[in-house]
Amino acid sequence: MTTEHARLVAALRELRAGAGLSLAALSERTAYSKSSWERYLNGKSLPPRQAVRELCRLANEPDGRLLALWEIAESHWSGRAVAPAPAPTPPADESPRPQPQESPPAGTGRRRLSRGRLLVVLASAYTVIVGGAAALLFLLLPGSGSGSEAQEDESLPASIPFSLAPQCHGAACEGRDPMRLICGIGPDTLASYRTATGAHVELRHSKKCGASWARIWWTEIGDRLDVTAGGPTHTVRIKNKDDAATFIYTEMTEVRPGSTVRACFRPASADGERECFEARVGGAATTTRPPSPAVASGLRE
C-alpha cells in the first residue's frame, strides 16, 4: 500500500467512525456490499470514487477533501503518477539521426543481459517471492475469513500491512501532520465556529495522541488559520482553489487535560478582522457563530 493510499484509508476510517456507521449500515445504504466496504477500509483494494462520495454523504461531510485524497491515491495505484516522460521530439527541420549499431563481442554466440535488465529480473523475482509469502501469511492469520460484523470490524487494523495506531504522542506530535501521523482517526471536536465570511472552523483533539489541531472549510484563497495551546503557533493558509474546496488542517500542538486551545481566523480581504475562539480539552463541545457588532471587540483583534 502506498503512502497516499494509507492516508485515504485513514481518512475514510475516521469518517466512518465519526458517523457511527457499521459495515452492515454501509452495505444497506450504498450500492456496495459489506465485504466490499471491509476491503476498502482494510486497504486491501482502492474504493471506487463513487463509494468515497457515498460515505461522505452518509457522514454529512463535504466530499472535496476525500475526493482529492482519492485522486492522488488512484494515480499512484494505477501507475499514472510514475508514468515515464515522453521522449523529446526532434525539431521539424532536423530528421532523427540513425544510432550506431553495436556488434556483439567476438567469441560469443548468446546475448548477454545488460546490468539494468538483470536488476529488473532479480527485482521481479523478489517481488513474486515476497508477495507469495505475504499472501500465505494472510491466509494463515486468524479472523481473515468470514465472520460476524463485530469480528470484521475488530480485524480491520490487523489486516492492513502497516500500523494504523497513532505514530506520535504529546510533544512528539508538535508541528506535525495529524493525518500522516494517524491522529485523525476518531478525534473529538472541542468546538465549532462559523466566521463572518461563512468559513467553518473546528478545534479537534486526539486523546491517544495528546494533541489538538484545527481544520477549516468553505474558505477563500488567502484565508489563514492559526492554532496554539500556549506553546508554538501553527498556521495554515489557503493557497489555491483546491485548498478552498476541501478540508485544510493545521499542524498539531501538544495538549493535556485542561489545556486551552485557541484558534484564530484571518480572512483574505484586506478589511477583514481577525476572529478567535477557544476551547478547553475535556470540556463540553461548543458551537459558536460570529458575534454581533456590540460584542465583537471581545473576540476580534
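Residues numbered from 1 in each chain as written. Predicted model: local features only at pLDDT ≥ 70, side-chain atom pairs only at ≥ 80, totals over all residues. Heavy atoms only, no water.

Participant: Just give me the short version of the overall build of the protein chain, but keep the residues and values in it.
Facilitator: Helix and strand counts for the protein chain stand at eight helices and ten strands. Sequence separation of at least 24 residues holds for 60% of the intrachain contacts in the protein chain that already meet a minimum separation of 6. (Helix = DSSP H or I, 4+ residues; strand = E, 2+ residues; numbered from the N terminus. Contact = heavy atoms within 4.5 Å.)

Participant: Residues and numbers for unusual backbone geometry, please.
Facilitator: Of note in the backbone geometry, I182 takes a positive phi value of approximately 60 degrees without being a glycine. Checked against the element boundaries, I182 lands in the loop between α7 (149–159) and β1 (188–194). Accessibility expressed as a relative area gives 8% for I182, which makes it buried. A positive phi angle is found at W218, which is not glycine, with a value near 60 degrees. Relative to the elements of secondary structure, W218 occurs in the loop between β3 (211–217) and β4 (224–228). (Buried < 20%, exposed > 50% of the residue type's maximum accessible area, 1.4 Å probe, protein only.)

Participant: Requested: an account of the packing of helix α4 (residues 49–58) against helix α5 (residues 64–78), with residues and values cited.
Facilitator: For the pair α4 and α5, interaxial distance at closest approach is 10 Å and the crossing angle is 160 degrees. With respect to their mutual orientation, α4 and α5 come out roughly antiparallel. The way α4 lies across α5 gives a crossing that is right-handed. For the pair α4 and α5, the contacting residues are R49, V52, R53 and C56 in the first and L66, L67, W70 and E71 in the second. (Axes fitted to C-alpha atoms, helices over the stretch in contact; angles between N-to-C directions. Parallel < 35°, antiparallel > 145°, perpendicular 65-115°, else oblique. Left-handed = near helix turned anticlockwise from the far one by under 90°.)

Participant: How would you explain the layout of surface pockets if you had to name every residue and give the values?
Facilitator: Taken as a whole, the largest pocket encloses approximately 610 Å³ of empty space. Lining the largest pocket are 23 residues, with R7, D243, F247, I248 and Y249 sitting closest to its centre. In terms of residue count, α5 provides more of the lining of the largest pocket than any other element does, four residues in total. The class makeup of the residues in the lining of the largest pocket is nine nonpolar, four polar and ten charged. (1 Å grid on protein atoms, 1.4 Å probe; cavity = no way out; pocket = protein on both sides within 12 Å on 5 of 7 lines; lining within 4 Å. Points joined across faces, edges and corners; volume = space filled by probe spheres on them. Nonpolar A, V, L, I, M, F, W, Y, C, P; charged D, E, K, R; others polar.)

Participant: Outline the side chain of T250, supporting the account with residue identities and numerical values.
Facilitator: Note on placement: T250 falls in the loop between β6 (248–249) and β7 (253–254). Every residue in contact with T250, bar those within four places of it in the chain, is listed here: P178, W213, A214, L225, V227, H234 and V236.

Participant: Now, about the state of the cysteines: what can you tell me, with residues and values included?
Facilitator: One pass over the full model with this rule turns up three disulfides. One disulfide bridge connects C264 with C276, the sulfur atoms lying 2.0 Å from each other. Residues C264 and C276 are joined by a disulfide whose S-S torsion is about 115 degrees; by sign, that bridge is right-handed. Of this pair, C264 sits in strand β8 (residues 260–266) while C276 is found in strand β9 (residues 275–280), placing the two residues twelve residues apart along the sequence. On the accessibility criterion, C276 (1% relative accessible area) is buried. Disulfide partners in the protein chain, listed by the sequence order of the bonded cysteines, are 1-2, 3-4, 5-6. (Disulfide = S-S within 2.5 Å.)

Participant: Run through the pattern of salt bridges, naming residues and quoting values.
Facilitator: A side chain with one charge may pair with a side chain of the opposite charge, provided their charged atoms come close. Under the criterion given, the structure shown has twelve salt bridges. R53 is paired through a salt bridge with D63; the nearest N and O atoms lie 3.5 Å apart. Of the two residues, R53 sits in helix α4 while D63 sits in the loop between α4 and α5, which places them ten residues apart along the sequence. You can call D63 partly exposed: its relative accessible area is 27%. One salt bridge in this structure joins E202 and R215, with 2.8 Å as the shortest N-O distance. Residue E202 is located in strand β2 (residues 200–206), and its partner R215 is located in strand β3; the two are separated by 13 residues in the primary sequence. Assigned by exposure class, E202 and R215 land together as buried. (Salt bridge = Lys/Arg side-chain N within 4 Å of Asp/Glu carboxyl O.)

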